[in-house]
Amino acid sequence: MTPRWDHLLTNATLATFAGDAPYGLIEQGAIALHEGRIAWIGPQRALPADVAAQASQVENLGGAVVTPGLIDCHTHLVFGGNRAHEFDMRLNGATYEEIARAGGGIVSTVKATREASEDELFAQTLPRAHALMSDGATTLEIKSGYGLDLDTERRMLRVARRLGKALGITVRTTFLGLHALPPEYRDNRDGYVTLMCDEVLPALAGEGLVDAVDTFCETIGFTPQETRRVFDRATQLGLPVKLHAEQLSDLDGAALVAEFQGLSADHLEYLSENGIRAMAEAGTVAVLLPGAFYALRETKLPPIASLRRHGVAMAVATDCNPGTSPLLSLRLAAGMACTLFRLTPEEALRGVTVHAAKALGLSDRGTLEVEKRADLAVWNVKQPAELCYWIGGNQALRKLFIAGASQPANG
Ligand code: DI6
Ligand code: FE
């Protein structure tokens, strides 16, 4: 008889995140994978009698927790060089904004990125992608935004696409041309926004390199009016939008991205009730970035209680970037969302699975349900809360399944 399933995992603690029960938990569960999809899932006692004959491989997990493969829905993973020297400056009292205005910050990474070849950028980024995978990530969002010119923005997005192919994971790319004003346009903001809206974004979208469009809407970034210009262009190109919003101040960016039915508003330390109501109305996901909050020693907490009250889905991501969040573990980001933002472990884990999928507009993953993509993480823990509880270390992940193909934790 031809096996019905490629792989059957038994004796598992399944954190499915399907439905409203805590973790969508199925204890003593089993899950069958076939041709890259989940083919069966449920309590082991409900498995068909002749199950052993129906699977090419049967694996007893000894009670280990299985979650959907984690989804990092906000990273700046591709960049040249690093900014450890600014880490020192900040610890000596310089604020993120002072560093930015002194020509440091994003612009200093732009210089290093412009000078790097595609192969050099790929080689520098690969270890960072491996690090995220070694702690459970199977889908990554990767932004441009350190090129700020056509050639380098293209090179960044090509490297992002290449990482997905090389690692066999899903990479969703986001155009972030409005991340910072490059030196050559310091006195010509309008010229730069026009270049990005009328030339760079259309060109890169036409080359199939862009899945969504983002902007750094902030006092040291771009105005709501400038944001609206690039969002109008994204809409004309049929691309969804998301936004770095209310990180350092309230420019009502959340309401703006919600007006465009945007996928997500990200950071949100300074988010207002008006912004929350608009996000709830539009179904825009709140992406929380505790790594930047931690690294910047921020003190203003995102309004978590109000987001809960309004039923706004909360995602959690690393915001991995060289300046404000050099964080290479999505599982640690989930733990930080608990300890720093007071999310429950259940909320934080939903934040790196089903809500992160929503923030990327992906409906084929993020929960363990029949027909969903067979991206799974098998963990060396017996209860899901441990994934947020343990700080650091690389002992948590046992193995990944990526579209049903298993690979050991060390990639
Ligand atoms: N907000 C951030 O925290 C990062 N980008 C953004 O829009 C910072 C990126 C950097 O400092 O390199
Ligand atoms: Fe960011």
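Quick note: structure is the one above.
Residues numbered from 1 in each chain as written. Chains lettered and ligands numbered in written order. Predicted model: local features only at pLDDT ≥ 70, side-chain atom pairs only at ≥ 80, totals over all residues. Heavy atoms only, no water.

### Regarding the site of ligand 1
Next, step 1: In the vicinity of ligand 1, 13 residues are found, and the nearest of them are Arg83, Tyr96, Tyr146, His179 and Thr324.
Next, step 2: With respect to ligand 1, the side chain of Tyr146 contributes an N or O atom lying 2.6 Å from an oxygen atom.
Next, step 3: In the environment of ligand 1, a nitrogen atom lies 3.0 Å from a nitrogen or oxygen atom belonging to the side chain of Gln247.
Next, step 4: Most atoms of ligand 1, that is more than half of them, are within 2 Å of grid points of the largest cavity. (Near = heavy atom within 4 Å. Polar contact = N/O pair within 3.5 Å; in protein donor to acceptor, adjacent residues only side chain to side chain. 1 Å grid on protein atoms, 1.4 Å probe; cavity = no way out; pocket = protein on both sides within 12 Å on 5 of 7 lines; lining within 4 Å. Sits in = over half its atoms within 2 Å of the grid points.)

### As for the coordination of the iron ion (ligand 2)
Next, step 1: Looking at the iron ion (ligand 2), one finds its protein donor set to be His74 (NE2), His76 (NE2), His244 (NE2) and Asp319 (OD), positioned 2.1 to 2.2 Å from the metal centre.
Next, step 2: Coordination at the iron ion (ligand 2) is irregular: its 4 donor atoms span angles of 83 to 168° at the metal. (Donors = N, O, S within 2.8 Å, 3.2 Å for Na, K, Ca; no water. Tetrahedral: all angles 85-135°; square planar, octahedral: opposite > 155°, others 65-115°.)

### Some details on the packing of aromatic side chains
Next, step 1: On inspection of all chains with the given rule, the structure shows 7 aromatic pairs.
Next, step 2: Ring plane angle 25° and centroid distance 6.2 Å describe the contact between Tyr192 and Phe222, whose orientation is recorded as stacked. Linking Tyr192 in helix 7 (residues 189-206) with Phe222 in the loop between strand 9 (212-217) and helix 8 (224-236), this pair joins segments that are 30 residues apart in sequence.
Next, step 3: For Tyr192, a relative accessible area of 0% translates into the label buried.
Next, step 4: A ring pair is formed by Tyr389 and Trp390, whose centres lie 4.8 Å apart and whose planes are at 70°; its orientation type is edge-to-face.
Next, step 5: A relative accessible area of 40% places Trp390 in the partly exposed class. (Phe/Tyr/Trp six-rings, centres within 6.5 Å; stacked < 30°, edge-to-face > 60°. Helix = DSSP H or I, 4+ residues; strand = E, 2+ residues; numbered from the N terminus. Buried < 20%, exposed > 50% of the residue type's maximum accessible area, 1.4 Å probe, protein only.)

### Things to note about empty space enclosed by the protein
Next, step 1: Summed over all chains, the structure comprises 2 cavities of 30 Å³ or more.
Next, step 2: Each pocket or cavity is described by its volume, and for the largest cavity that value is around 100 Å³.
Next, step 3: His76, Tyr96, His179, Asn321 and Thr324 are, among the 14 residues lining the largest cavity, the residues nearest its centre.
Next, step 4: One number sums up the size of the second largest cavity: a volume of about 30 Å³. (Points joined across faces, edges and corners; volume = space filled by probe spheres on them.)

### What about the pattern of salt bridges?
Next, step 1: Tallying each qualifying case throughout the model produces 25 salt bridges.
Next, step 2: Here Arg158 makes a salt bridge to Glu118, at a shortest N to O gap of 2.9 Å. Here Arg158 is found in helix 6 (residues 150-167), whereas its partner Glu118 is found in helix 5 (residues 118-133), with 40 residues between them in sequence.
Next, step 3: One salt bridge in this structure joins Arg365 and Asp364, with 2.8 Å as the shortest N-O distance. (Salt bridge = Lys/Arg side-chain N within 4 Å of Asp/Glu carboxyl O.)

### Describing the pairing of strand 15 (residues 397-402)
Next, step 1: A large share of strand 15 lies buried, amounting to 5 of its 6 residues.
Next, step 2: Examined bridge by bridge, strand 14 (residues 376-379) and strand 15 share 4 bridges and lie antiparallel to one another. By the bridge assignment, Trp379 is partnered in strand 15 with Leu397.
Next, step 3: Examined bridge by bridge, strand 15 and strand 16 (residues 405-408) share 4 bridges and lie antiparallel to one another. When the sheet's bridge partners are listed, Ile402 is paired in strand 16 with Ala405.
Next, step 4: Joining the antiparallel neighbours strand 15 and strand 16 is a turn of 2 residues, in which Ala403 adopts a positive phi near 50°. (Pairing = 2+ DSSP bridges.)

### So, unusual backbone geometry
Next, step 1: Even without glycine at this site, Gln261 takes up a positive phi of about 55°.
Next, step 2: Summarising the element assignment, Gln261 is placed in the loop between helix 9 (253-259) and strand 11 (264-267).
Next, step 3: Classification of Gln261 as exposed rests on a relative accessible area of 54%.
Next, step 4: The backbone phi angle of Arg342 is positive, close to 65°, even though this residue is not glycine.
Next, step 5: Positionally, Arg342 belongs in the loop between helix 13 (330-339) and helix 14 (345-351).
Next, step 6: Residue Arg342 is classed as exposed on the basis of its relative accessible area, which comes to 57%.

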